[in-house]
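These are the residues of each chain, in order.
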Amino acid sequence: MNEILMLMFGAMVILGTLATVISRDLFDKLISLGIIVAGIMPFLADRGLLDVLTATALIAPLSTLFILMAVRRKAD
Amino acid sequence: MPADPLHILIAALVCWLNFVTIDILFKLPEQGGVSGAEEIGRHIEKGGGALHGGYMMGNIVSSPDASAGTLLASCGVYATGIPGGLLAALLVYIGNRICHDPGYAGTTGCITATFIVYGFTLIGFSAADFIVGMVIAILTIQGISHMHASRLLSTLWRWREG
Amino acid sequence: MNGTEIALAVCGIIALYAAFRVMLEKDTMKKLPFLNVISFAISGSIVLLVPHPLAIVAAAAYFVGSTLESNAIASTFAGGPRNE
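Residues numbered from 1 in each chain as written. Chains lettered and ligands numbered in written order. Predicted model: local features only at pLDDT ≥ 70, side-chain atom pairs only at ≥ 80, totals over all residues. Heavy atoms only, no water.

**Here's the deal with the overall build of chain B**
In step 1: Scanning chain B for helices and strands turns up eight helices and zero strands.
In step 2: When the helices and strands of chain B are listed from N to C terminus, the series reads α-α-α-α-α-α-α-α.
In step 3: Relative to the compact-globule value of 15 Å for 162 residues, chain B shows a C-alpha radius of gyration of 15 Å, a close match.
In step 4: Referenced to the eigenvectors of the C-alpha coordinate spread, the extents of chain B come out at roughly 45 × 35 × 25 Å.
In step 5: Within chain B, buried positions represent 57% of all 162 residues.
In step 6: A fraction of 76% describes how many contacts in chain B between residues 6 or more apart in sequence connect residues 24 or more apart.
In step 7: When the accessible area of chain B is evaluated, it comes to approximately 6500 Å², of which 68% is carbon and sulfur surface.
In step 8: Of the charged side chains in chain B, 7 are positive and 10 negative, and the gap between their average positions amounts to 8 Å. (Helix = DSSP H or I, 4+ residues; strand = E, 2+ residues; numbered from the N terminus. Rg over C-alpha atoms; globule rule 2.2 N^0.38 Å. Buried < 20%, exposed > 50% of the residue type's maximum accessible area, 1.4 Å probe, protein only. Contact = heavy atoms within 4.5 Å. Areas by Shrake-Rupley, 256 points an atom, 1.4 Å probe, with all protein chains shown as cover. Lys, Arg positive; Asp, Glu negative; His and termini not counted. Charge placed at Lys NZ, Arg CZ, Asp CG, Glu CD.)

Put into structure tokens, the structure is as follows:
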């Protein structure tokens, strides 16, 4: 991976963080968290950590599911 | 010379035709498969698009269909050839079952794409062209203008219905 | 610049473009198709970076996980709390 690609994916992580902090709606915040996870993945793949990548890719959506369950209970 | 821009454009066209044909044959634009897909279709219609195209875009978002099958099949062929494509078909089927979908469109798209991509590698294309081609194809549907893409898909759907 | 590097650069540009579109879109439900474009581009670049059989499993796991997340967000937004 060359420097330009590292800059692009790093910029995605930073953009996702900014969007998470700025956005007001809870669903918007969860979608922006998805951008952060997406930006991390190429760095894990570039270092050859495919097992860590698979685990992260499965843990992140599951944690989102649990947050959504809490949202649903709070709304009831 | 591998991966010159002309090869990428041809690959994008082939991928677009493959996944749109299979999705429309398997009646994805008819209705939203889950409540989330219906909601996305309604929001796209509210923004000036067409309802059935919006349903198809919602279905693409909320379960792995033929577009995901085409992408993962090209990835499989890029890594290990035909067996990789068939492994990708199995993984797409498992993913469909997780998302409460019958999974025929995704698996069929994956298997046809495996053989199409393998055939093109024999005449000088690289499988990397097809990975980028599929990313460009999905960009034209989901990422440029929701209004125009949903109208185009609705026109194709009306044409298939007869 | 060889073929794989061109392919990776195109994937990265498309992912960054889609991230900008997600930030600029106002309607929550219309953000989800752009997030789907991001997950296509990232799954593609994982396999382009590491051409190994395990990379297919990793890319499929990432893609299915991100799809599941979008599905759950959309169906909760569609009125899960109120209809139950």
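**A word on the packing of helix α2 (residues 35–46) of chain B against helix α2 (residues 28–49) of chain C**
In step 1: At their nearest, the axes of α2 of chain B and α2 of chain C sit 8 Å apart, and the two run at 110° to each other. With respect to their mutual orientation, α2 of chain B and α2 of chain C come out roughly perpendicular. Residue-level contacts link E39, I40, H43 and I44 of chain B of α2 of chain B to M29, K30 and L32 of chain C of α2 of chain C.
In step 2: Among the residues forming the contact of α2 of chain B with α2 of chain C, the class breakdown is four nonpolar, one polar and two charged. (Axes fitted to C-alpha atoms, helices over the stretch in contact; angles between N-to-C directions. Parallel < 35°, antiparallel > 145°, perpendicular 65-115°, else oblique. Nonpolar A, V, L, I, M, F, W, Y, C, P; charged D, E, K, R; others polar.)

**So, a nonpolar patch on the surface**
In step 1: Taken together, the side chains of I14, L18, V21 and I22 of chain A present a nonpolar region at the surface, about 420 Å² in accessible area.
In step 2: Along the chain, I22 of chain A turns up in helix α1 (residues 3–22). (Patch = residues over 30% accessible without salt bridge, like charges linked within 9 Å, V, L, I, M, F, W, Y side chains within 5 Å. Salt bridge = Lys/Arg side-chain N within 4 Å of Asp/Glu carboxyl O.)

**Brief notes about α2 of chain B**
In step 1: Here α2 of chain B is 12 residues long and its end C-alpha atoms lie 17 Å apart, about the 16 Å a rise of 1.5 Å per residue gives.
In step 2: All buried positions along α2 of chain B are accounted for by G36, A37, E39, I40, G41, H43 and I44 of chain B.
In step 3: Close packing links the buried residues of α2 of chain B with α3 (51–62) and α8 (146–161) of chain B together with α2 and α3 (53–77) of chain C.
In step 4: Just downstream of α2 of chain B lies G48 of chain B, where phi reads positive at about 105°. (Expected span 1.5 Å × (residues − 1).)

**A word on the interface of chain C and chain B**
For interface size, the figure often reported is the accessible area lost on association.
In step 1: At the interface, 40 residues of chain C touch 44 residues of chain B.
In step 2: Summed over the shared surface of chain C and chain B, the number is five residue pairs in polar contact (both at pLDDT 80 or more).
In step 3: Those elements that provide at least two residues to the side of chain C that touches chain B are α1 (3–24), α2 and α3 of chain C.
In step 4: Top contributing element to the side of chain C that touches chain B by residue count: α3 of chain C, with 14 residues.
In step 5: Split by residue class, the side of chain C that touches chain B holds 27 nonpolar, 10 polar and three charged. (Polar contact = N/O pair within 3.5 Å; in protein donor to acceptor, adjacent residues only side chain to side chain.)

**Some thoughts on the interface of chain A and chain C**
In step 1: Across the boundary between the two partners, chain A contributes 32 residues, which contact 35 residues of chain C.
In step 2: Of the roughly 3200 Å² buried at the junction of chain A and chain C (both faces included), carbon and sulfur atoms supply 82%.
In step 3: Interface area lost by chain A to chain C is led by I31, L50 and R72 of chain A, which between them contribute 19%.
In step 4: Along the contact surface separating chain A from chain C lie zero salt bridges.
In step 5: Mapped onto the side of chain A that touches chain C, the elements with two or more residues apiece are α1, α2 (26–46) and α3 (50–75) of chain A.
In step 6: Among the residues making up the side of chain A that touches chain C, the classes are represented as 24 nonpolar, three polar and five charged. (Buried area = accessible area lost by both parts, 1.4 Å probe.)

**Examining the nonpolar core**
Soluble globular proteins tend to bury their nonpolar side chains together.
In step 1: Among the nonpolar cores identified, the biggest contains 97 residues, and M12 and L53 of chain A, F19 and M134 of chain B together with L32, I38 and I42 of chain C are the most heavily contacted of them.
In step 2: Among the elements that line this core, the one with the most residues is α2 of chain C, at 13 residues.
In step 3: Ignoring sequence-local partners within four residues, the contact set of M134 of chain B consists of C15, F19, S67, T70 and L71 of chain B together with F40 of chain C. (Core = buried A, V, L, I, M, F, W, Y, C linked by side-chain atoms within 4.5 Å.)

**Examining the pattern of salt bridges**
All names here are of chain B.
In step 1: Summed over the entire model, instances satisfying the criterion amount to two salt bridges over all chains.
In step 2: Between R42 and E38 there is a salt bridge, with its nearest N and O atoms 3.9 Å apart. Note that R42 and E38 are positioned in helix α2 at a spacing of four residues, about one turn of the helix.
In step 3: The exposure class assigned to E38 is partly exposed, which follows from its relative accessible area of 29%.
In step 4: Note that R42 and E39 form a salt bridge whose closest N and O atoms lie 3.0 Å from each other. Placement of the pair is R42 and E39 together in helix α2, with a separation of three residues, close to one helical turn.
In step 5: Within this structure, E38, E39 and R42 form a network of salt bridges that share partners.

**Let's talk about the packing of aromatic side chains**
In step 1: Counted according to the given criterion, the structure contains five aromatic pairs over all chains.
In step 2: Geometrically, the ring pair formed by F120 of chain B and F125 of chain B is edge-to-face, given 5.1 Å between the ring centres and 70° between the ring planes.
In step 3: By relative accessible area, F125 of chain B is classed as buried at 12%.
In step 4: Geometrically, the ring pair formed by F40 of chain C and F63 of chain C is edge-to-face, given 5.0 Å between the ring centres and 85° between the ring planes. In this pair, F40 of chain C sits in helix α2 while F63 of chain C sits in helix α3, placing the two residues 23 residues apart along the sequence.
In step 5: Taking relative accessible area as the criterion, F40 of chain C reaches 0% and is therefore assigned buried.
In step 6: Put simply, the rings of F120, F125 and F130 of chain B touch in pairs and so form one group of aromatic residues. (Phe/Tyr/Trp six-rings, centres within 6.5 Å; stacked < 30°, edge-to-face > 60°.)

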